[in-house]
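# Descriptive analysis of the structure
The residues making up each chain are set out below.
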Amino acid sequence: MKNIYLLDTCVISEVTKPEPDESLITNLEFHHGSCAISSITWFELLKGVGILPEGKRKENLMSFLMDYVQPSFEIIPFDTSAAHINADIVSKLLAIGKPTPILDTQIASIAIANNMILVTQNTKDFEIFAENCSLMLENWGKN
C-alpha cells in the first residue's frame, strides 16, 4: 500500500505516553500500512532518546524506536525535491516576514514533495504551511 500519511514526531511520541490519546491510537491502527515518518522525525526521535540520562526509561524508549518504529514505518528522506520545496517555502515566508523553524519546514517540505498528508497534534506549528503552501494537514487526536 502507498504511504499516504506522514506522521509528525509528536504522533510517535504520543504512543509512548502512559495514557496516549485514544483517538490518535485508533487512527494509527486504522491507517496501519499507509503511514511513514520523515528522516527529520527519525532524527528528532533518536536525539530525544539520546539526550536522556542513562537508565531504564532510555533503554525502553530506544527499544521502542528500534523494535517498533523503524520496522513499522518507512523513513522518507529529505531529498533533492524536498530541498527545492524547502527553499521555496523559506523564501516565500521570509518575504512576508514569517520565518519558521527549520525542522518543521523540512518536515512540511517532505510531505509536500511526496504528496502526503502531514498528521500532527501540533497543527498550529504547521498551519502556516497549509495556508501559504500546498501542505495537507490532519490532526488525529482530540487536542
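The structure reproduced in this document is the subject of the present report.

What counts, and at which threshold
Residues numbered from 1 in each chain as written. Predicted model: local features only at pLDDT ≥ 70, side-chain atom pairs only at ≥ 80, totals over all residues. Heavy atoms only, no water. Helix = DSSP H or I, 4+ residues; strand = E, 2+ residues; numbered from the N terminus. Rg over C-alpha atoms; globule rule 2.2 N^0.38 Å. Buried < 20%, exposed > 50% of the residue type's maximum accessible area, 1.4 Å probe, protein only. Contact = heavy atoms within 4.5 Å. Areas by Shrake-Rupley, 256 points an atom, 1.4 Å probe, with all protein chains shown as cover. Lys, Arg positive; Asp, Glu negative; His and termini not counted. Charge placed at Lys NZ, Arg CZ, Asp CG, Glu CD. 1 Å grid on protein atoms, 1.4 Å probe; cavity = no way out; pocket = protein on both sides within 12 Å on 5 of 7 lines; lining within 4 Å. Points joined across faces, edges and corners; volume = space filled by probe spheres on them. Nonpolar A, V, L, I, M, F, W, Y, C, P; charged D, E, K, R; others polar. Salt bridge = Lys/Arg side-chain N within 4 Å of Asp/Glu carboxyl O. Expected span 1.5 Å × (residues − 1). Arc of directions from axis to C-beta.

### Here's the deal with the overall build of the chain
Each helix and strand in the chain was counted, giving seven helices and five strands. In sequence order, the secondary structure elements of the chain are arranged as β-α-α-β-α-α-β-α-α-β-α-β. Scaling as 2.2 N^0.38, a compact globule of 143 residues should have a C-alpha radius of gyration of about 15 Å, and the chain matches this with 15 Å. If one aligns the C-alpha atoms of the chain with their principal axes, the spans along those axes are about 45 × 35 × 30 Å. For the chain, the proportion of its 143 residues judged to be buried stands at 41%. Pairs at least 24 apart in sequence give 68% of the contacts found in the chain among residues at least 6 apart. Counting every atom, the chain has about 7800 Å² of accessible surface; 55% of that belongs to carbon and sulfur. Each charge sign in the chain was given a centre, from 10 positive and 18 negative side chains, and these centres are 4 Å apart.

### Section: the layout of surface pockets
Considering only enclosed or pocket space, the largest pocket measures out at about 240 Å³ in volume. Those elements that place two or more of their residues in the lining of the largest pocket are helix 1 (9-15), helix 3 (39-50) and helix 4 (56-72). Tallied by class, the residues present in the lining of the largest pocket amount to seven nonpolar, four polar and two charged.

### Re the pattern of salt bridges
Scanning the model with the defined rule gives three salt bridges in all. With its nearest N and O atoms 3.8 Å apart, the salt bridge here joins lysine 124 to aspartate 125.

### With respect to helix 4
End to end, helix 4 covers 23 Å across 17 residues, agreeing with the expected 24 Å (1.5 Å per residue, within 8%). Among the residues making up helix 4, those that are buried are Lys58, Leu61, Phe64, Leu65 and Val69. In the core, the buried residues of helix 4 are packed alongside helix 1, strand 2 (35-38) and helix 3.

### Quick notes on helix 7 (residues 123-132)
By the burial criterion, the buried members of helix 7 are Phe126, Ile128 and Phe129. Viewed end-on, helix 7 has its buried residues packed into an arc of 130°, placing them on one side of the element. For helix 7, exposure combined with an orientation more than 90 degrees from the buried face picks out Lys124 and Glu131. On its buried face, helix 7 is in contact with helix 5 (80-95), helix 6 (102-113), strand 4 (117-119) and strand 5 (136-138).

Structural measurements only, silent on function.
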